Amino acid sequence: MTIQVLNGPNLRRLGLREPQIYGSTTYPDLERLCAEAGKRVGRSVEVAQTDDEATMLGWLHAAADAGDPVVLNAAAWTHTSVAIGDACAMLTAPLVEVHISNVHKREPFRHHSYVSAHASGIIVGCGVDGYRLAIEHLASLGVS
């Protein structure tokens, strides 16, 4: 079983986009961080990013069908997409919602999540280290 690490819009721009909020870690750095975390806990990890909501829905459907646990940073879709929330409801293995910044200290529209109701855990404001924490948590659940 593979831990799916799925990233929504604009996350490929890490390191370039608002570094005062998202830090200087680049997207390739994030991919390496996730792969290394997976190796440390003995789990296969697949990392993907899309700016296309339909693609994200397809990935969530595939994870549901495969029974794969998911680390999801749905980015702006977190706050706007009922469809992403509905796809998360279909997941059959644990889901951890991750946000690099503390969304609760930002604009009010970011305080609501269509993902959270379906997540077994939520990590916000820990920077990209939140991904490592999510992978370690999923591995600790013994989901296989």
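Cut-offs used in this document
Sequence order as written defines residue numbering, which begins from 1 separately in each chain. Local features in a predicted model are, by the rule used here, given only for residues with pLDDT of at least 70; side-chain atom pairs are given and counted only at 80 or more, and totals for whole chains, interfaces and linings are based on all residues. Heavy atoms throughout the structure, all of them, feed into the side-chain values; hydrogens and water do not. The helix and strand labels rest on DSSP assignments: H or I over at least four residues marks a helix, E over at least two residues marks a strand, and numbering proceeds from the N terminus. Between the two quantities, the radius of gyration covers C-alpha atoms and the globule rule is 2.2 Å times the number of residues to the power 0.38. Type-normalised accessible area, obtained with a 1.4 Å probe on protein chains alone, sets the label of each residue: buried when under 20%, exposed when over 50%, and partly exposed for intermediate values. Accessibility throughout is a Shrake-Rupley quantity obtained with a 1.4 Å probe, and a residue counts as covered only by protein chains that appear here. Note: two strands are recorded as paired if DSSP finds a minimum of 2 bridges between them. Working convention: axes come from line fits to C-alpha atoms, limited for helices to the stretch in contact. Angles between N-to-C directions cover 0 to 180 degrees. Orientation categories follow fixed angle ranges, with anything under 35 degrees roughly parallel, anything over 145 roughly antiparallel, 65 to 115 roughly perpendicular, and all other angles oblique. Definitions for this section: a left-handed crossing has its near helix turned counterclockwise from the far helix by less than a right angle. A right-handed crossing has that turn clockwise. Between two residues, a contact is recorded if the distance between any of their heavy atoms is within 4.5 Å. When residues are grouped by polarity, Ala, Val, Leu, Ile, Met, Phe, Trp, Tyr, Cys and Pro land in nonpolar, Asp, Glu, Lys and Arg in charged, and all others, Gly among them, in polar. Directions are taken from the helix axis to each C-beta atom, and the arc is the one they span. The definition of a polar contact used here is a pair of N or O atoms within 3.5 Å, where within protein one atom must be able to donate a hydrogen and the other to accept one, and adjacent residues in sequence count solely through side-chain atom pairs. Salt bridge, as applied in this entry: a Lys or Arg side-chain nitrogen positioned within 4 Å of an Asp or Glu carboxyl oxygen.

**Student:** Can you help me understand the overall build of the protein in this one?
**Tutor:** Broken down by element type, the protein carries 6 helices and 5 strands. If you list the helices and strands of the protein from N to C, you get β-α-α-β-α-β-α-α-β-β-α. Against the compact-globule benchmark of 15 Å for 144 residues, the protein has a radius of gyration of 14 Å, which places it among compact chains. Counting only C-alpha atoms, the protein reaches 35 × 30 × 25 Å along its principal axes. Looking at the protein as a whole, 47% of its 144 residues qualify as buried. Summed over its atoms, the accessible surface of the protein is roughly 6600 Å², and 51% of this surface lies on carbon and sulfur atoms.

**Student:** Hey, could you run me through the sheet that holds strand β3 (residues 70–73) in this one?
**Tutor:** Strand pairs in the sheet, formed through backbone hydrogen bonds, run parallel or antiparallel to each other. Read across the sheet, 5 strands follow the order β2-β1-β3-β4-β5 without closing on themselves; strand pairing throughout is parallel. In this open sheet, the two edge strands, each paired with only one partner strand, are β2 (44–49) and β5 (121–124). For this sheet, the mean inter-axis angle between neighbouring strands, taken without regard to orientation, is 15°. The pairing of strand β1 (residues 2–7) with β2 spans 6 bridges and is classified as parallel. Bridge pairing in β2 links Val5 to Val47.

**Student:** Got a minute to help me understand the packing of helix α2 (residues 27–41) against helix α6 (residues 129–140) in this structure?
**Tutor:** The relative placement of two packed helices comes down to the angle between their axes together with the axis-to-axis distance. Look at α2 against α6: their axes get within 9 Å of each other, and the N-to-C directions meet at 25°. Between α2 and α6, the crossing angle belongs to the class labelled roughly parallel. Between α2 and α6 the crossing geometry is right-handed. Contacts between α2 and α6 involve Leu30, Leu33, Cys34, Ala37, Gly38, Arg40 and Val41 from the former and Tyr131, Arg132, Ile135, Glu136 and Ala139 from the latter. Split into classes, the residues belonging to the contact of α2 with α6 amount to 8 nonpolar, 1 polar and 3 charged.

**Student:** Mind showing me how you'd approach helix α5 (residues 82–89) here?
**Tutor:** Within an α-helix, residues lying three or four positions from one another point in the same direction, as the helix has 3.6 residues per turn. Of the residues making up α5, those classed as buried are Ile84, Gly85, Ala87 and Cys88. The arc that holds the buried residues of α5, viewed along the axis, is 160°, so those residues lie on one side. Considering only its buried residues, α5 is in contact with α3 (53–66), β3, α4 (77–80) and β4 (95–99). With a side-chain oxygen positioned 3.4 Å from the backbone nitrogen of Ala83, the residue opening α5 is Ser81.

**Student:** I would appreciate a short explanation of the environment of Arg40 in the present structure.
**Tutor:** You can see Arg40 is positioned in helix α2. Residues Arg40 and Gly67, spaced 27 residues apart in sequence, show a C-alpha to C-alpha distance of 22 Å. Not counting chain neighbours up to four residues away, the residues in contact with Arg40 comprise Arg132 and Glu136.

**Student:** Quick question: what am I supposed to make of the pattern of salt bridges here?
**Tutor:** Pairing is possible between side chains that carry opposite charge, provided their charged atoms lie close to one another. For the structure on display, the rule yields 3 salt bridges. Across the pair Arg32 and Asp29 runs a salt bridge, and its minimum N-O distance is 2.5 Å. One end of the pair is Arg32 and the other is Asp29, both in helix α2 and 3 residues apart, which spans about a single turn. Taking relative accessible area as the criterion, Arg32 reaches 46% and is therefore assigned partly exposed. Residue Arg132 pairs with Glu136 through a salt bridge whose shortest N-O separation is 2.8 Å. One end of the pair is Arg132 and the other is Glu136, both in helix α6 and 4 residues apart, which spans about a single turn.

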